Protein chains: 2
Amino acid sequence: MKNQKVTIHTIAARLNITASTVSRALSGNKRISQKTRELVNKTAAEMGYKPNHMASNLRKGKGNLIGVIIPRINRHFFSHAIAGMEAITNPAGYNLMICQTNESQAKEIDGLQTLINNRAEGVIMSISNETRNGAHIQAATDGGMPVVLFDRIIKNLNIDHVINDNFAGAYEATKHLIEQGYKNIVHFSGSLHINVYEQRLNGYKKAMNEANLDVTSDMIFDNIITRLSGEELAQTLLTKNKLPDAIFSSSDYSALGALITFKNAGINIPQDIGIVGFANEPFTELTDPALTTLEQYSEDIGRSAARLLIERIENKQNKEVPSSLSFKPQLIIRKSSQRNTID
Amino acid sequence: MKNQKVTIHTIAARLNITASTVSRALSGNKRISQKTRELVNKTAAEMGYKPNHMASNLRKGKGNLIGVIIPRINRHFFSHAIAGMEAITNPAGYNLMICQTNESQAKEIDGLQTLINNRAEGVIMSISNETRNGAHIQAATDGGMPVVLFDRIIKNLNIDHVINDNFAGAYEATKHLIEQGYKNIVHFSGSLHINVYEQRLNGYKKAMNEANLDVTSDMIFDNIITRLSGEELAQTLLTKNKLPDAIFSSSDYSALGALITFKNAGINIPQDIGIVGFANEPFTELTDPALTTLEQYSEDIGRSAARLLIERIENKQNKEVPSSLSFKPQLIIRKSSQRNTID
DNA sequence: TTGTAGGCGTTATCAA
DNA sequence: TTGATAACGCCTACAA
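Everything numeric here is computed off the predicted structure, so don't read it as measured data. (Residues numbered from 1 in each chain as written. Chains lettered and ligands numbered in written order. Predicted model: local features only at pLDDT ≥ 70, side-chain atom pairs only at ≥ 80, totals over all residues. Heavy atoms only, no water.)

Draft legend 1. Region of the structure containing the domain arrangement of chain A. In terms of domain boundaries, chain A breaks down into domain 1 (8–51), domain 2 (65–163 + 298–327) and domain 3 (166–296 + 331–337). Placing a centre on the C-alpha atoms of domain 1 of chain A and another on those of domain 3 of chain A gives a separation of 64 Å. (Domains from an automatic or database assignment.)

Structure below.
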């Protein structure tokens, strides 16, 4: 019992009026009689009319689609950021189309292209781990596509963005470790070309410097953000004669890997080694000991990014200076880093 | 430096040919000279031409959008199911538009409507907790929209679907508890109008009956699928004079809540109480003791759902009998249910 | 208040 | 191989 396609013309024919009248009735135009409006609405419902947004958008030269490009949807941070975006975009009448890149630059470029070709009104994005330059993003904005970056951004790209204050968060986390009496604190980092990891490293360094603790290059480990890499690195560290006495990791996942590996090796956390992660993934509360980490205000960041984008879309006048918002993460102190506490 | 809109007409004008020729060149039509094709492609690139999918889809009466409607994207099961779908849909040239319902029927209906109005080729969906009937889904399929349901489905709706064999999984989990010597096994369930929870309950009952263990109504707890409700229920159970000796929960989250509450109350898991959850959420491996649970083949389920949908979309002939696929979950035995093991 | 006509960007059909 | 024309479904001046 498939419907034939029912368009405003079908309805018009049935009622012996023109398509324009139907269009006006359906779109709530005022220049139409109450009677006709009701009749049209009733008939449309009866006939199972579904407006064709593509035709409408084509004609109006404007749609209601906002694209979101992110590395992965199943990260605490990103899924909550999306929730924040929806809280803003849905009431404003926009729909979200979400593309996962799985950290692949190729997929990121593809996704952006698809959104452009589908005439999205704008794009909110966080770059993939692989992405080394912003040529594709620059091209999109040059072509008139409003873009807002969030969390993982490209530096020196003159674009609205919303980020965590990774520097401040990392600084605070490291300072906390120092206050707990840890001295030989190593850092697990991500890809250092990504602002996020660069800033976390800088925050770590600043806290160390302020406390007159040396940071040598063998204390910084690149590209350690997965559980597996955390486990492997911890194993490697175990074979060395001197273990660090604390780890500040840019990732909860690698912190988890290290925590488990050290624990299995009989090392006491936090007595022998203190550990702090980043992102407040749900599991951090459940590890034994529970993992100290930093909560990022993901929903706020999502909301802000969506607001900025909608501003860009709707006020077509160009603000010359791009907006830049920053949210300071909150340190969540749990057992894995509390050497001084008696409990 | 915003681009003017560049269309096939702009390109045609520049080259003193017609739009039809440009269209043919761009779309790889064979009836065109090599020379023209190259010239057009080169010019299009130079001018920054972006094909307008909306116009193309409108004209062709067909697009490449597949909608996905799910309760939440940040569940292990759903985010992995989406990954599975993408693995099938992307190579086939389709794009996914993902809508979260947050367990609200209203948002589910909205999302479906949006997809219909955007002329999605088809929809893959898993119903919200709130959804009590399939009228909106029936209406969509009656209107010619191909739909495949997965995981949480509506019974008695003649629609392709892909599900977990929740009955078998629950049966196996319960049997495992019984084999470990637990006898007074209670069940945490979800909303029983959802197939998923109904089947898990049935599997539990069957295993209990086979072992000649009574199941009375006070052993079954409805709507206990969040961590909070698991904690609250565990607290309540603690106040009663007789605790159950095991819990088979339909949800890892409520199992977690119970595990933590009991542990804090000084109850030994698995000696005093055995616990089994469902879904193999990542955290289940990390709880203390680690939580026995069931892995659902989420990526396979996603892939299968996508394959079924594409079949429906592309073979327009109606199979009269809807396909029904079922994947048996795998029991993952961890410490929380192993009373007999010495380790 | 309603109708007429034209076009949004693309592609299919027919003719040249 | 290319061009001319019409149409996908909708919206909006403009006219009546």
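Now that the structure is up, let's keep going.
Draft legend 2. Spatial organisation of the environment of Tyr253 of chain A. All names here are of chain A. With respect to the element layout, Tyr253 can be found in helix H11 (residues 252–264). When the C-alpha positions of Tyr253 and Thr131 are compared, they lie 21 Å apart, and in sequence the two are 122 residues distant. Here Tyr253 is in contact with Arg75, Ile225, Thr226, Arg227, Glu281 and Phe283, once residues within four sequence places are set aside. A polar side-chain atom of Tyr253 sits 3.4 Å from a polar atom in the side chain of Arg75. (Helix = DSSP H or I, 4+ residues; strand = E, 2+ residues; numbered from the N terminus. Contact = heavy atoms within 4.5 Å. Polar contact = N/O pair within 3.5 Å; in protein donor to acceptor, adjacent residues only side chain to side chain.)

Draft legend 3. Just the protein's contact with DNA strand D, in detail. Close to DNA strand D lie 25 residues; Tyr49 and Arg59 of chain A together with Thr21, Arg31 and Thr36 of chain B are nearest. Within 4 Å of the protein, the contacting atoms of DNA strand D are 58% sugar and phosphate, with bases supplying the remainder. At 3.4 Å, a side-chain N or O of Ser56 of chain A approaches a phosphate oxygen of DNA strand D. One of the side-chain nitrogen or oxygen atoms of Arg24 of chain B is found 2.7 Å away from a base nitrogen of DNA strand D. Within the residue set of the surface near DNA strand D, elements represented by two or more residues are helix H1 (8–15), helix H2 (19–26) and helix H4 (53–60) of chain A together with helix H2 (19–26) and helix H4 (53–60) of chain B. It is H4 of chain A that provides the largest number of residues to the surface near DNA strand D, a total of four residues. (Near = heavy atom within 4 Å.)

Draft legend 4. Region of the structure containing the protein's contact with DNA strand C. What surrounds DNA strand C is a group of 25 residues, the closest being Ser20 and Arg59 of chain A together with His9, Tyr49 and Arg59 of chain B. Within 4 Å of the protein, the contacting atoms of DNA strand C are drawn from sugar and phosphate to the extent of 58%. Ser20 of chain A is positioned such that a nitrogen or oxygen atom in its side chain is 3.1 Å from a base oxygen of DNA strand C. Those elements that provide at least two residues to the surface near DNA strand C are H2 and H4 of chain A together with helix H1 (8–15), H2 and H4 of chain B. With four residues, H4 of chain B is the largest single contributor of residues to the surface near DNA strand C. Here the surface near DNA strand C is composed, by residue class, of seven nonpolar, 11 polar and seven charged. (Nonpolar A, V, L, I, M, F, W, Y, C, P; charged D, E, K, R; others polar.)

Draft legend 5. Region of the structure containing the pairing of strand S3 (residues 122–125) of chain B. Residues and elements named next belong to chain B. Residues Gly122 and Ile124 of S3 are buried on one face, and the alternating residues Val123 and Met125, pointing to the opposite face, are buried as well. Pairing analysis gives four bridges linking strand S1 (residues 65–70) to S3, with the strands arranged parallel. Along S3, the bridge assignment pairs Ile69 with Met125. Across three bridges, the pairing between S3 and strand S4 (residues 147–150) is parallel. Each residue of the ladder has a partner; that of Val123, found in S4, is Val147. Handedness of the crossover joining S3 and S4 through helix H7 (residues 135–142): right-handed. (Buried < 20%, exposed > 50% of the residue type's maximum accessible area, 1.4 Å probe, protein only. Pairing = 2+ DSSP bridges. Right-handed = clockwise from strand over helix to strand, strands pointing away.)

Draft legend 6. Structural detail: the sheet that holds strand S2 (residues 95–100) of chain A. All names here are of chain A. Spatially, the six strands line up as an open sheet ordered S2-S1-S3-S4-S5-S11, and their pairing is parallel. The open sheet has two edge strands, S2 and strand S11 (324–327), and neither has a second partner. Averaged over all neighbouring strand pairs, the angle between strand axes comes to 15°, with direction disregarded. By the bridge criterion, six bridges tie strand S1 (residues 65–70) to S2 in an arrangement that is parallel. From the neighbouring strand, Ile69 faces S2, where its bridge partner is Cys99. (Axes fitted to C-alpha atoms, helices over the stretch in contact; angles between N-to-C directions.)

Draft legend 7. Fine view of helix H8 (residues 166–179) of chain B. Residues and elements named next belong to chain B. In a regular helix each residue adds 1.5 Å, so 14 residues correspond to 20 Å; H8 covers 20 Å between its end C-alpha atoms and thus fits that length. Burial of H8 is extensive: 10 of the 14 residues sit out of reach of the surface. Looking one or two residues beyond H8, the residue adopting positive phi is Gly181, at roughly 95°. (Expected span 1.5 Å × (residues − 1).)

Draft legend 8. Just the relation of the copies chain A and chain B, in detail. It takes a turn of 180° to lay chain A on chain B, together with a shift of 0.0 Å along the axis; the resulting RMSD is 0.1 Å. Given the turn and translation reported, the copies of this chain are related as if by a two-fold rotation axis. In this assembly the copies share their binding face: 100% of the residues contributing to the interface of chain A also contribute to that of chain B. (Least-squares fit on C-alpha atoms with pLDDT ≥ 70 in both.)

Draft legend 9. Just the interface of chain A and chain B, in detail. Contact residues are listed per partner, giving 43 residues for chain A and 43 residues for chain B. If you sort the residues of chain A by the area they bury against chain B, Met54, Arg119 and Leu286 of chain A come out on top, with a joint share of 17%. In this assembly, chain A and chain B are joined by three salt bridges. Put simply, Arg227 of chain B and Glu285 of chain A hold a salt bridge, and the shortest N to O gap is 3.2 Å. At the junction of chain A with chain B, the criterion picks out eight residue pairs in polar contact (both at pLDDT 80 or more). Mapped by element, the contributors of at least two residues to the side of chain A that touches chain B are H4, helix H5 (76–89), S2, helix H6 (105–117) and H11 of chain A. Residue composition of the side of chain A that touches chain B, by class: 16 nonpolar, 18 polar and nine charged. (Buried area = accessible area lost by both parts, 1.4 Å probe. Salt bridge = Lys/Arg side-chain N within 4 Å of Asp/Glu carboxyl O.)

Draft legend 10. Highlighting the nonpolar core. Grouped together as the largest cluster of nonpolar side chains are 48 residues, with contacts concentrated most on Phe150 of chain A together with Phe150 of chain B. Excluding residues within four positions of it along the chain, Phe150 of chain A makes contact with Ile70, Phe77, Phe78, Ala81, Met85, Ile124, Met125, Ser126, Val162, Ile301 and Ala305 of chain A. Ala170, Val186, Phe188 and Ile220 of chain B belong to the second-largest nonpolar core, a separate cluster that totals 44 residues. (Core = buried A, V, L, I, M, F, W, Y, C linked by side-chain atoms within 4.5 Å.)

Draft legend 11. Highlighting the sheet that holds strand S9 (residues 274–276) of chain A. Residues and elements named next belong to chain A. If you walk across this open sheet you meet the four strands as S7-S6-S8-S9, and the pairing is parallel. Bordering the open sheet on either side are strand S7 (220–221) and S9, each of which pairs with just one other strand. Examined bridge by bridge, strand S8 (residues 246–249) and S9 share three bridges and lie parallel to one another. Residue pairing in the sheet places Phe248 in a bridge with Val276 of S9. The sheet contacts of helix H9 (residues 195–210) involve strand S6 (185–188), S7 and S8, and relative to S6 the element is tilted by about 170°.

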